[in-house]
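Next come the chains, spelled out residue by residue.
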Amino acid sequence: MKKITYRLVYGIAYGISLLPFGVLYLLSDFLFLIVYYIVGYRRKVVVKNLKASFPEKSEQEQKAIERQFYHWFCDYIVETIKLLSISNDKLLRHIEFRGVEEIEKAFARGQNCSALLGHYCNWEWLSATGLAFKRYPQAVMGLIYHPLYSEVFDQLFVKLRSTHGGVCVPKKDILRYLVTYKREDRRTLFGYISDQAPWWTNIHLWLDFMNQETPVFTGGERIMRKMNETVFYLDMERPCRGKYICTFRLMAPEAAKTEEYDLTKQFFKMLEQSIRRQPPFYLWTHDRWKRTHAEFDKRYEVIDGRIYERKDK
């Protein structure tokens with residue numbers, strides 16, 4: 001039954017992907033009316049996040065960002081589906097990669113690389129990053145991801161992300177993959193989407209991010225330091241509809257030489273700069289500030305770097 005469901009979902013998605021961009025964006029405009037006005041998908045979360053993140057903006061300005069966000073969010077959906085059938089050459093006319101030469105320099109000196117990124121602009125299109133590397137066609141370009149609860153949609157997204165050469169690795173397996181690639185002397189560049197809300201027992205660091213005290217993931221940084229990779233921030237811009245610019249900005253030539261949490265702190269500062277530059281293109285529907293420091297202190301305690309639930313709560 002799952003196979004039949006997947007084939008049906010894939011067939012519909014592939015059929016939609018064959019539509020030209022102009023028609024897809026008309027479809028997105030229609031979808032916006034449904035998602036924003038009729039369904040009101042997570043509007044309370046979006047309003048709450050924008051109000052807390054931009055207290056200096058008026059209600060009208062926040063409302064404008066909200067509407068622009070939902071317009072872009074619907075574009076993100078149809079753009080992602082487009083990955084199923086768009087050719088490599090045509091995709092590269094819609095996404096431009098800058099700073100690739102710095103990664104190739106790292107590859108030349110035997111360094112593997114990693115890139116920190118957030119849910120900003122169309123991160124799914126970054127599965128085509130390998131197309132920008134002409135000198136290292138055998139390099140492994142991948143994305144670390146958390147498998148979806150729905151097996152059908154998880155399979156579909158793995159297909160979407162691998163159509164243009166990307167390698168999808170579940171986050172629980174990434175260290176094993178990196179060690180294997182290093183033994184094989186293969187150059188790698190993996191992207192870590194690092195702005196999710198960690199579970200209570202994975203909170204080791206709180207930062208000021210978008211005007212709010214925020215629990216952050218630090219696992220990606222630990223892997224980068226352990227493997228001594230060259231680390232980049234993946235900065236995205238959307239100058240116009242259907243066009244993205246992706247710039248790799250060097251954060252650390254050798255991660256092992258950085259202090260603990262330095263990379264994570266740098267990443268969130270750089271991500272905030274990106275968001276404030278173009279606020280509508282962040283994933284405001286995600287309730288990433290639902291866990292507070294006060295509740296953490298009430299429910300958990302830290303002993304020798306490990307987090308335990310309080311028995312006296």
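Participant: Sorry, what's going on with the overall build of the protein here?
Facilitator: A tally of regular secondary structure across the protein gives eleven helices and eleven strands. Relative to the compact-globule value of 20 Å for 313 residues, the protein shows a C-alpha radius of gyration of 20 Å, a close match. Sorting the 313 residues of the protein into buried and exposed places 51% on the buried side. Carbon and sulfur atoms make up 54% of the accessible area of the protein, which totals about 15,900 Å². With 49 positive and 37 negative side-chain charges, the protein shows a separation of 5 Å between the mean positions of the two kinds.

Participant: Mind showing me how you'd approach the pattern of salt bridges here?
Facilitator: Pairing between side chains becomes possible if they bear opposite charge and their charged atoms approach one another. Enumeration over the complete set of coordinates arrives at 24 salt bridges. For Glu56, the salt bridge goes to Arg276, with nearest N and O atoms at 3.7 Å. Taken together, the positions of Glu56 in the loop between helix H3 (43-53) and helix H4 (59-82) and Arg276 in helix H10 (residues 262-277) put the pair 220 residues apart, joining distant regions of the chain. Taking the relative accessible area as the measure of exposure, Arg276 reaches 35% and is therefore partly exposed. A salt bridge links Arg161 to Glu124, with the nearest nitrogen and oxygen atoms 2.8 Å apart. Of this pair, Arg161 sits in helix H7 (residues 151-162) while Glu124 is found in the loop between strand E2 (113-117) and strand E3 (140-145), placing the two residues 37 residues apart along the sequence.

Participant: Looking at this structure, how should I read the side chain of Glu104?
Facilitator: The residue Glu104 is located in helix H6 (residues 100-108) in this model. You can call Glu104 buried: its relative accessible area is 9%.

Participant: What's the story with the packing of helix H2 (residues 21-39) against H4 in this structure? I'm lost.
Facilitator: Two quantities define a packed helix pair, namely the angle between the helix axes and the distance between the axes. Packing of H2 against H4 brings their axes to within 8 Å, and their N-to-C directions diverge by 130 degrees. Classified by the angle between their axes, H2 and H4 sit oblique to one another. The handedness of the crossing between H2 and H4 comes out as right-handed. Mapping the contact onto sequence places Phe21, Leu24, Tyr25, Leu27, Ser28, Asp29, Leu31, Phe32, Val35, Tyr36 and Tyr37 in H2 and Lys63, Glu66, Arg67, Tyr70, His71, Cys74, Asp75, Ile77, Val78, Glu79 and Lys82 in H4.

Participant: What exactly am I supposed to notice about the sheet that holds strand E5 (residues 188-193) here?
Facilitator: Working definition: the strands of a sheet are paired by backbone hydrogen bonds and lie parallel or antiparallel to each other. Pairing is mixed across the open sheet formed by seven strands, whose spatial order is E1-E9-E8-E2-E5-E3-E4. The outermost strands of the open sheet, each flanked by one partner alone, are strand E1 (95-98) and strand E4 (167-170). Along the sheet, successive strands turn relative to each other by an average axial angle of 30 degrees, direction set aside. Both E3 and E4 contribute to a ladder of four bridges, which runs parallel.

Participant: How do you make sense of a nonpolar patch on the surface when you look at a structure like this?
Facilitator: A surface patch of nonpolar side chains, about 850 Å² in accessible area, is lined by Leu19, Val23, Leu27, Phe30, Leu33, Tyr37, Ile38, Val39 and Tyr41. Positionally, Leu33 belongs in helix H2. A relative accessible area of 42% places Leu33 in the partly exposed class.

Participant: It is not clear to me how the packing of aromatic side chains should be interpreted in this structure. Could you clarify?
Facilitator: Working definition: an aromatic ring pair is given by the centre-to-centre distance plus the angle between the planes. Throughout the structure, instances matching the rule amount to 34 aromatic pairs. Geometrically, the ring pair formed by Phe32 and Tyr37 is edge-to-face, given 5.8 Å between the ring centres and 80 degrees between the ring planes. Ring geometry for Tyr282 against Trp284: centres 5.1 Å apart, planes inclined by 80 degrees, an arrangement best described as edge-to-face. Assigned by exposure class, Tyr282 and Trp284 land together as buried. Three or more aromatic residues link up through ring pairs in this structure, and these residues are Phe32, Tyr36, Tyr37, Tyr41, Phe69, Tyr70, Trp72, Phe73, Tyr76, Trp123 and Phe281.

Participant: Help me understand unusual backbone geometry in this model?
Facilitator: Phi at Asp185 takes a positive value of approximately 60 degrees, unusual for a residue other than glycine. Here Asp185 falls in the exposed class, since its relative accessible area comes to 55%. Even without glycine at this site, Asn211 takes up a positive phi of about 70 degrees. Secondary-structure assignment places Asn211 in the loop between strand E6 (206-209) and strand E7 (212-215).

Participant: What is the right way to look at the pairing of strand E8 (residues 230-240) in this model?
Facilitator: A regular strand places its side chains on the two faces of the sheet in alternate fashion. The buried fraction of E8 is high, at eight of eleven residues. Relative to strand E9 (residues 243-252), E8 is paired through eight bridges, and the arrangement is antiparallel. What sits directly across from Val231, in E9, is Ala252. Between E8 and E9, which pair antiparallel in sequence order, lie two residues; one of them, Gly242, sits at a positive phi of approximately 85 degrees.

What counts and how
- Residues numbered from 1 in each chain as written.
- Predicted model: local features only at pLDDT ≥ 70, side-chain atom pairs only at ≥ 80, totals over all residues.
- Heavy atoms only, no water.
- Helix = DSSP H or I, 4+ residues; strand = E, 2+ residues; numbered from the N terminus.
- Rg over C-alpha atoms; globule rule 2.2 N^0.38 Å.
- Buried < 20%, exposed > 50% of the residue type's maximum accessible area, 1.4 Å probe, protein only.
- Areas by Shrake-Rupley, 256 points an atom, 1.4 Å probe, with all protein chains shown as cover.
- Lys, Arg positive; Asp, Glu negative; His and termini not counted.
- Charge placed at Lys NZ, Arg CZ, Asp CG, Glu CD.
- Salt bridge = Lys/Arg side-chain N within 4 Å of Asp/Glu carboxyl O.
- Axes fitted to C-alpha atoms, helices over the stretch in contact; angles between N-to-C directions.
- Parallel < 35°, antiparallel > 145°, perpendicular 65-115°, else oblique.
- Left-handed = near helix turned anticlockwise from the far one by under 90°.
- Contact = heavy atoms within 4.5 Å.
- Pairing = 2+ DSSP bridges.
- Patch = residues over 30% accessible without salt bridge, like charges linked within 9 Å, V, L, I, M, F, W, Y side chains within 5 Å.
- Phe/Tyr/Trp six-rings, centres within 6.5 Å; stacked < 30°, edge-to-face > 60°.

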